[in-house]
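Chain by chain, the residues run as shown.
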Amino acid sequence: MKRRRMMVAAGVCLSFLLATFMNLFSVHQTDHMFRFYREKQLQHRTPGARAARRSPRELQLHIRERFYQVVQVRARGPDRTEPVLDRRRLMDLDPSENREPVRVQTPNPASHRGVSHRGVSTGPPLGCSSINNLTGVRFLGSGFTKTVYRADLNRSFSVALKSVDLNGHDMDNCVKTYGVTGDCYRLASFKLVKEMILMQRLQHPNVLTLYGYCYQETSGIQDTVTAITELGSPLEMIHLLQTPWEERFRICLGLVRLLDFLSRSPLGSVSLLDFRPRQFVLVEGELKVTDLDDASAEEAPCPPSPPHHCIMDFPARNFSLPCHRGRCVGINEKRNLYNAYRFFFTYLLPHSAPASLRPLLDRIVNATGELLWGVEETLVQMEKVLHLYRTGLYLQNLSHTHTADYREVLDSSIPEQNYRCWPSFQHDACLLSVFSLQEAVRVCESHAHCTAFVLTNQRTWTGHQLVYFKSGCSGLTQASGQVTYIRPTWTHLNPPEPTWTHLNPPEPTWTHLNPPRPTWTHLNPPEPTWTHLNPPEPTLTHLDPHGPTRTHLNPPRPTWTHLNPPEPTWTHLNPHGPT
């Protein structure tokens, strides 16, 4: 039976991981095929398009259209006192025919003091001089338009460099279509410029920080732009499924906080049109959006034909939204929220959560999947979960834990004696976070291999303490600030609830010992049967009725050689009184 349960559990886990992989793979393939066929349709829109290149005039129209998109984004919202992209640099990129020649801007010199070790800009923005002094440049990845490199600003701080990929899909397709490398680069670079402006305007803890930028000549192309941003690690859903619930909840909470900010940003309600896990990165465990070139701050227009309802299509289902003044009400907010449900909440939020928090988490997942709540209500419920977890109110029935039975060893640790558990903060050991000592004791007692645990002096982002659970207590070493608790072994001590199979039991079977209630067949009975002695009521017909001699009526006390009965009562032997 146990083996069958293990096989069923393994099958469920394998199917879950396979479904996750297939979902991510299908999303990537669908988007890739969509873009591929869209480009093919554009190429085959007119007869003979494959053989003949299009007119450069059409390319100029595309450049102008994208340029004005960047200008509109820059013009939205309140003005900034020190914009990252100044107006003169943006006007130098104006594709008008009568514009002045492009003038290469000399950026303000920036030292390493412009960025703190926490990644917050504290001085002038980084520029070309900073890029020239970077070391350890290595490739990280690329997409349809941009490529990303990692570089070391100094020994303790690294940044990400974003630039247009000259061999990317957008550049390659444009050059094949129009045959003009310089203009094709300008068309692609506007996406990067738009992303830089959005990073500067949408300053939030869950938006990647822009440190600076640089314009310089690269590969014969004048004014190639490079953005210097905060460095993060890409999201890997398979890896996230193996992380503790506390870290997965942090990702989902950061995402909801980001969506709440985007729904009421200085630019208006912003929608992430290219919403996928690969558009986000992790910076010290915090989720941050990194790809903003496809973000839009405009609500979709209502359909011209009745009924004037906006339809929001997704692969699994559709939603109908009301229309007001020619715009779809709340479509940007609801699109972001449902995408968060599709790609994050269903995989990361409820699994392996504390038992007392699962009903509330299931409610959040179901409500966002049906769009019953908005982003604001979803954030309120997520903050409630955080409060319950951070204050320890999620714990139940910890009063029965026997913490006093564990032997405490101050300033000590156990380097070895590790065993694996899931989910753990460390893959080769059982490292979990607990709220209190009582919770650590309960976890240790629930693990069959646990015989000791070590309270470290490290805490998680919620204030929980990290604890190593060990399979043995040998090899204790000195470790300042850490406390080791050794689980008692009940074979040599007096346990509170032992099993008395080999000791003196409280209720034994007294077959071979002196029982409390024996059968007195061979011992002195309390109430014997006097069948062979003087009966209590004898017949006195053969005695002297007129006063017998006392010597014949009141005999001396018998000698009980074989029994020891209690004193008999002789009230029935001499009823008339002796003489």
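Residues numbered from 1 in each chain as written. Predicted model: local features only at pLDDT ≥ 70, side-chain atom pairs only at ≥ 80, totals over all residues. Heavy atoms only, no water.

Colleague: How should helix α11 (residues 375-390) be read in this particular structure?
Modeller: Residues separated by three or four positions in an α-helix point in the same direction, a consequence of the helix having 3.6 residues per turn. For α11, with 16 residues, the first-to-last C-alpha span of 22 Å sits near the 22 Å given by 1.5 Å per residue. Of all the positions in α11, only V375, T378, L379, Q381, M382, V385, L386 and Y389 are classed as buried. Down the axis, α11 shows its buried residues gathered within 165° of arc, on one side only. Where α11 is buried, its residues meet α8 (245-263), α9 (331-348), α10 (358-369) and β16 (430-434). Note on α11: the residue one or two positions beyond its end, G392, has a positive phi of about 80°. (Helix = DSSP H or I, 4+ residues; strand = E, 2+ residues; numbered from the N terminus. Expected span 1.5 Å × (residues − 1). Buried < 20%, exposed > 50% of the residue type's maximum accessible area, 1.4 Å probe, protein only. Arc of directions from axis to C-beta. Contact = heavy atoms within 4.5 Å.)

Colleague: I tried to follow the packing of α9 against α10 on my own but got confused; where do I start?
Modeller: Helices that pack against each other are described as a pair by the angle of their axes relative to one another and the distance between those axes. For the pair α9 and α10, the least separation of the axes is 9 Å and the interaxial angle reads 140°. Between α9 and α10, the crossing angle belongs to the class labelled oblique. Handedness of the α9/α10 crossing: left-handed. Contact residues: α9 offers L337, Y338, Y341, F345 and T346, while α10 offers V365, T368 and G369. Class assignment of the residues belonging to the contact of α9 with α10 gives a composition of five nonpolar, three polar and no charged. (Axes fitted to C-alpha atoms, helices over the stretch in contact; angles between N-to-C directions. Parallel < 35°, antiparallel > 145°, perpendicular 65-115°, else oblique. Left-handed = near helix turned anticlockwise from the far one by under 90°. Nonpolar A, V, L, I, M, F, W, Y, C, P; charged D, E, K, R; others polar.)

Colleague: Please explain the side chain of K162 as it appears in this structure.
Modeller: Topologically, K162 is positioned in strand β3 (residues 157-164). From its side chain, K162 meets the backbone oxygen of T290 in a polar contact 2.7 Å long. Leaving out residues up to four positions away in the same chain, K162 has contacts with K146, T147, V148, L192, E195, M199, V225, T226, A227 and T290. (Polar contact = N/O pair within 3.5 Å; in protein donor to acceptor, adjacent residues only side chain to side chain.)

Colleague: For this particular structure, what's the right way to read the state of the cysteines?
Modeller: Working definition: the covalent bond between the sulfur atoms of two cysteines is a disulfide. Summed over all chains, the structure comprises six disulfides. Paired by a disulfide, C128 and C214 hold their sulfur atoms 1.8 Å apart. What sets the handedness of the C128 and C214 disulfide is the S-S torsion sign, and at about 105° it is right-handed. You can see C128 sitting in helix α4 (residues 128-132) and its partner C214 sitting in strand β4 (residues 210-218), a full 86 residues away along the chain. Two residues share a disulfide in this structure: C174 and C184, whose sulfurs sit 2.1 Å from each other. (Disulfide = S-S within 2.5 Å.)

Colleague: Sorry if this is basic, but what is going on with the packing of α8 against α9 here?
Modeller: The N-to-C vectors of α8 and α9 enclose an angle of 180°; their axes lie 11 Å apart at closest approach. Relative to α9, the element α8 is oriented roughly antiparallel. Residue-level inspection shows W245, R248, I251, C252, L255, V256, L259 and S263 of α8 in contact with α9, the latter providing E333, N336, L337, A340, F344, F345 and L348. Among the residues forming the contact of α8 with α9, the class breakdown is 11 nonpolar, two polar and two charged.

In short, the description is geometric, and any link to function would need to be established separately.
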